[in-house]
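In case you want the letters, here they are:
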Amino acid sequence: MDLEGIIKNELDESQDLLDIEKLDLVKPNLSRRTHDAIGQWMFIHMPTSLTVGADFPLGNHSVVLNASRYWGSMAVEGEYGLEKGVIQRYKFGKKPSWGLKVGVDIARKERHLGTGSWNIPLRLITLDIDGVLFEIFQGWTSYKDPHYRFSSSLQWGKPVVIGLDSTFEQDLESLLGGMIPTSVSIGRSYTLFDRLDVGVHVIGVPDLMMRFSFGLDVN
């Protein structure tokens, strides 16, 4: 490679930047193999769980409590990196032991429909724009039985960190160990035309945002 060469071929003094005749085809570059290596397999481990739940009515509203017991791990296992020519095995994730989920269902009955002061923040939090429109035209849509649902869950357990760099291992252990939040969810539902049940998942972690579902009552 001639770093002082020029590529203006119309000039007599131009030179080739690369001398093809001096290129060794057996060793076209001087790079060397790195220690990075990715294995040919990867496993995703999911735990087995048993969940017990109970509903507690509070007038028109209700509170839901679920407790879960886990067996196994929630982890990723595979191969990466070479050590003395041998590919190394890694595994990281969490071995959960217990989980707890709490949910609240707030119902608005016929006598509570309208724009009462307590309804406004509830509808803002749940982005209930479609519900407001359907309620305005209630004579045509038969809008009724709106529910607003909030839930969150926690999980306890030990981290699983095998075969990773020591610094990375410490970070994962502090991140995945002990009690961590696993989900937050906001949703709502209502009925239209006496038969069409509409469910709206407003937002959730790790779930999606603004997902609609429809159910038709054929009875």
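Parameters at a glance
Residues numbered from 1 in each chain as written. Predicted model: local features only at pLDDT ≥ 70, side-chain atom pairs only at ≥ 80, totals over all residues. Heavy atoms only, no water. Core = buried A, V, L, I, M, F, W, Y, C linked by side-chain atoms within 4.5 Å. Buried < 20%, exposed > 50% of the residue type's maximum accessible area, 1.4 Å probe, protein only. Helix = DSSP H or I, 4+ residues; strand = E, 2+ residues; numbered from the N terminus. Pairing = 2+ DSSP bridges. pLDDT = per-residue confidence, 0-100. Salt bridge = Lys/Arg side-chain N within 4 Å of Asp/Glu carboxyl O.

### Regarding the nonpolar core
Ranked by size, the top nonpolar core spans nine residues in total: Leu122, Tyr143, Tyr148, Ile186, Tyr190, Leu192, Val198, Val200 and Val202. Listed by contribution, the elements that provide at least two residues to this core are β7 (178-192) and β8 (196-205).

### Topic: the pairing of β8
The pairing of β7 with β8 spans nine bridges and is classified as antiparallel. Bridging across to β8, Ser185 finds its partner in Gly204. Between β7 and β8, which pair antiparallel and follow one another directly, the connecting turn spans three residues, one of which, Phe193, has a positive phi of 55°. Summarising the sheet, β8 and strand β9 (residues 211-216) pair through six bridges and their orientation is antiparallel. The residue bridging His201 from the neighbouring strand is Arg211, located in β9. Counting the residues that bridge the hairpin from β8 to β9 gives five residues, and of these Met210 lies at a positive phi of roughly 55°.

### Details of the confidence of the model for the protein chain
Scored by pLDDT, the protein chain comes out at a mean of 81, with 77% of its residues at no less than 70. Looking at the elements of the protein chain, mean pLDDT is at its lowest for helix α4 (residues 166-176), recorded as 71, and at its highest for strand β3 (residues 61-71), recorded as 94.

### Re the pattern of salt bridges
In total, this model carries eight salt bridges according to the counting rule given. The shortest N-O distance in the salt bridge between Glu77 and Arg89 comes to 2.4 Å. Here Glu77, found in strand β4 (residues 74-83), pairs with Arg89, found in strand β5 (residues 86-107); they are twelve residues apart in sequence, far enough to count as distant. A relative accessible area of 8% means that Glu77 is categorised as buried. Measuring nitrogen to oxygen at the nearest pair gives 3.4 Å for the salt bridge that ties Glu135 to Arg108. Here the residue Glu135 occupies a position in helix α2 (residues 129-136), and Arg108 occupies one in the loop between β5 and α1 (119-125), the gap between them amounting to 27 residues. For the residue pair Glu135 and Arg108, the accessibility class agrees, reading buried in each case. Through salt bridges with shared partners, one network takes in Arg108, Arg123, Asp128, Asp130, Glu135 and Arg188.

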